[in-house]
Amino acid sequence: MKNKALKRAMFMAFFLSAASVFATGCTNPEKDTALKDKAGQETAKNEENLFTVKGNDVIIAKSTGHNPVCGYKGTGNYTYGGDPFVLTDDGTVYLYTGHDLSDDNEVSRAVYNIPEYLCYSTTDMKEWKEEGSVFTLDTDNVQWAKDSTSAWASQVTKYKDKYYLYFCTWDKTSLGKQSIGVAVSDSPTGGFKDIGRPLVQGTLTTPESNSWDDIDPTVWTETGEDGEEHRYLAWGNSKFYVCELNEDMTSVKDLNGDGEITCGTREENADIINNQEGLDYFTEAPWLYRRQDENQQYYGKYYLFYAYGWRERMAYAVTDDPLHGSWEFGKILMLPTATSNTNHMAVFDFKGKTYFMYHNGSLPGGNGYRRSPCITELYFNDDGSIQPLEETTAGINGTIYKIALKDGKEISHEFFINSSGDSEYPYSEIKTGTDIGMDKDNEWVITAGKSDTENETYVSIQSENKPGLYLSVNETGNITLAQDADASEETAARQTFHSVKGLSGQDGISFESVAQPGMYISVKDGLLCLSDGSIKENATFYISKQ
């Protein structure tokens, strides 16, 4: 648990080969005597106010404001949305996502069903307001679109009091390939209207790797030190393209002045530049960014964040010139998430901090086709390099707990690095126990019970560094770390526990299974399982705030 150096070294590995070890059942046939306290007994609080004892029940102070930042509306009611993109404007952060609506059949066929873009806003990075749909990408609104279910990754930017939404979708006017479009609005929260044609047609960018080379636009505007304004647009899947926009923000600038827009490797013979030298294993999801000083002046190198390899990691590279310069690879920042095959970031500054928005499938029923936006803070080193990131359930506002036995042995899950192989998912049999993991594998986020969020004595216990994976009762009575992949009532019950006064003393807490009433989370031979609580000290836990 204390070997941080080893953890950092292993963090950058791409896969971990480890044999799975599963706990045996730990039911004790001897029954404990019933607790004597009666309902209605005077309420007692522990010293740290982490929980309240009320009769035999315990009400734990649950985490709020954790990841995902939006989409959860109560048991069985979720709004999924992936490919987050962010605009900061006049003291407000606007978060946009595609609206993921793929059903189980579409997920099994790897089909994205994304008909529109949703928007959320915040002024404090804590409370997110639903702004609703800002643009429906159907064949009525976008007449060149091939279908009405392909609102793929986008970005909104503000320029001279107008808002521009750069998007991509299948284009029936370009041999059915993906193309880049743009819609314009007077407001960041809606009224976006397509300009009536693709901004960059998929047939223009050659040579190509596939018909979806032209996706995931990112835009960056600034005035350079020479006083010249630059309006960069970049995009791509397997190929990286970049160009400059004209002042209208809706057309590509003719860089070489030959009267036509062409694609190539150098400005001398092209206006759209295909240059990914230094972009190791570039997959998709580019995002342009540059740092600001205390006076909001841009300085230093340009950063390009992007999805690296498969399953998608998050990486970055830097350059002095996005259009003409070559890229210098930085490092892999984030390994594949525990719940989604893709990832997509948005990097932005707000009130003196830099944030990294990404997506995973951590909501119940989530996966790579039903995604959710999450956030963490991004930190730069003195030399401009960036510190690696891990997924986080707590995010920037949630509460992290540690859970231990009386002897101080902490509940943790086994250490593992998320696999690059799709067949390994969803995770369901990750071993849990006492002191079996490494640093951070012993951190938990306690939330309202998934089977009944209104019952204040119910809790669900989610891993902090493996978002979307919960302590879960399996068929054999063992407790493993598992994803809620189906959002069913049965899974919710398996991942929900009734908090009661500790079986071996009211200063502790015992967790009774909702799926199997009368059975409690317990420790046997260092592993978590269910028991009837006969060995009281092995079924009584003590929580502390991290």
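As a reminder, the structure under discussion sits directly above these lines.
Quick caveat, the model's predicted, so the values are computed rather than measured.

Draft legend 1. Representation of the overall build of the protein within the structure. Within the protein, the regular secondary structure consists of 3 helices and 35 strands. Its C-alpha atoms give the protein a radius of gyration of 25 Å, near enough to 24 Å, the size a compact globule of 546 residues would have. Dimensions of the protein, computed from the C-alpha atoms along their principal axes, are close to 90 × 50 × 45 Å. Taking all 546 residues of the protein together, 59% fall into the buried category.

Draft legend 2. Region of interest: the sheet that holds strand β21 (residues 346-350). Ordered by their spatial adjacency, 3 strands build an open sheet running β21-β22-β23, and the pairing between neighbours is antiparallel. Edge positions in the sheet fall to β21 and β23 (372-377), since each has one partner strand and no second. On average, each strand axis in the sheet is inclined to that of its neighbour by 30°, with strand direction left out of account. One ladder, built from 6 bridges, connects strand β22 (residues 353-360) with β23; its direction is antiparallel. Bridge pairing links Y358 to C374 in β23.

Draft legend 3. Layout of the packing of aromatic side chains. Within the structure shown, the criterion is met by 33 aromatic pairs. By the ring-pair criterion, three or more aromatic residues cluster together here, those being W220, Y289, Y298, Y303, F305, Y316, F356, Y358 and F380. One residue, R291, lies across the ring of F380, its end atom 4.1 Å from the ring centre. Above the face of the Y80 ring, R370 is positioned so that its terminal group lies 5.9 Å from the ring centre.

Draft legend 4. Molecular detail of the environment of E390. Along the polypeptide, E390 turns up in the loop between β23 and β24 (401-404). For E390, a relative accessible area of 27% translates into the label partly exposed. Taking the C-alpha atoms as reference, E390 lies 27 Å from E294; in sequence the two are 96 residues apart.

Draft legend 5. A look at empty space enclosed by the protein. In this structure the tally under the stated criterion is 2 cavities of 30 Å³ or more. The space that makes up the second largest cavity amounts to roughly 40 Å³. Split into classes, the residues belonging to the lining of the second largest cavity amount to 8 nonpolar, no polar and no charged.

Draft legend 6. Spatial organisation of the pairing of β23. Judged by how many residues are buried, β23 sits mostly within the fold: 6 of 6 residues are covered. Burial along β23 is two-sided: the residues S372, C374 and T376 and P373, I375 and E377 are all buried.

Draft legend 7. Focus on the pairing of strand β29 (residues 469-473). Most of β29 sits out of view: 5 of its 5 residues are buried. Note that β29 and strand β30 (residues 479-483) share 5 bridges and pair antiparallel. Bridge pairing in β30 places L469 opposite Q483.

Draft legend 8. Quick look at the sheet that holds strand β14 (residues 241-244). Pairing within the open sheet is mixed, and its 5 strands lie in the order β12-β13-β14-β16-β15. Single-partner strands in this sheet number two, and they are β12 (218-223) and β15 (263-264). Where β14 meets strand β16 (residues 272-274), 2 bridges bridge the pair, whose relative direction is antiparallel. Across the sheet, Y241 pairs through a bridge with N274, a residue of β16.

Draft legend 9. View of the pattern of salt bridges. Scanning the model with the defined rule gives 16 salt bridges in all. Its salt-bridge partner being D186, residue K162 comes within 2.5 Å of it at the nearest N-O pair. Here K162, found in strand β9 (residues 162-170), pairs with D186, found in the loop between β10 (178-185) and β11 (193-194); they are 24 residues apart in sequence, far enough to count as distant. The class of K162 is partly exposed, set by a relative accessible area of 32%. For D186, a relative accessible area of 58% puts it in the exposed group. Linked through salt bridges whose partners overlap, the residues forming this network are D83, D100 and R371.

Draft legend 10. Up close: the environment of Y96. Tracing the backbone through its elements, the reader meets Y96 in strand β5 (residues 92-100). For the pair formed by Y96 and T189, sequence separation is 93 residues and the distance between their alpha carbons is 9.4 Å. Apart from the residues within four sequence positions on either side, Y96 is in contact with D83, P84, F85, L87, L118, C119, V134, V156 and P188.

Draft legend 11. Broad picture of unusual backbone geometry. The step from T206 to P207 runs through a cis peptide bond, and the omega angle for that step is -5°. In this structure, P207 sits in the loop between β11 and β12. Each neighbour pair has its own omega, and for W310 with R311 the value is -10°, a cis peptide bond. Looking at the secondary structure, you find R311 in the loop between β18 (298-308) and β19 (313-319). For Y281, which is not a glycine, the phi torsion comes out positive at approximately 50°. When you line up the elements, Y281 lands in the loop between β16 and β17 (282-292). Its relative accessible area of 61% is what places Y281 among the exposed residues. If you check the backbone angles, D525 has positive phi at about 55° while not being a glycine.

Scoring rules and cut-offs
Residues numbered from 1 in each chain as written. Predicted model: local features only at pLDDT ≥ 70, side-chain atom pairs only at ≥ 80, totals over all residues. Heavy atoms only, no water. Helix = DSSP H or I, 4+ residues; strand = E, 2+ residues; numbered from the N terminus. Rg over C-alpha atoms; globule rule 2.2 N^0.38 Å. Buried < 20%, exposed > 50% of the residue type's maximum accessible area, 1.4 Å probe, protein only. Pairing = 2+ DSSP bridges. Axes fitted to C-alpha atoms, helices over the stretch in contact; angles between N-to-C directions. Phe/Tyr/Trp six-rings, centres within 6.5 Å; stacked < 30°, edge-to-face > 60°. Lys NZ or Arg CZ within 6 Å of the ring centre and 35° of its normal. 1 Å grid on protein atoms, 1.4 Å probe; cavity = no way out; pocket = protein on both sides within 12 Å on 5 of 7 lines; lining within 4 Å. Points joined across faces, edges and corners; volume = space filled by probe spheres on them. Nonpolar A, V, L, I, M, F, W, Y, C, P; charged D, E, K, R; others polar. Salt bridge = Lys/Arg side-chain N within 4 Å of Asp/Glu carboxyl O. Contact = heavy atoms within 4.5 Å.

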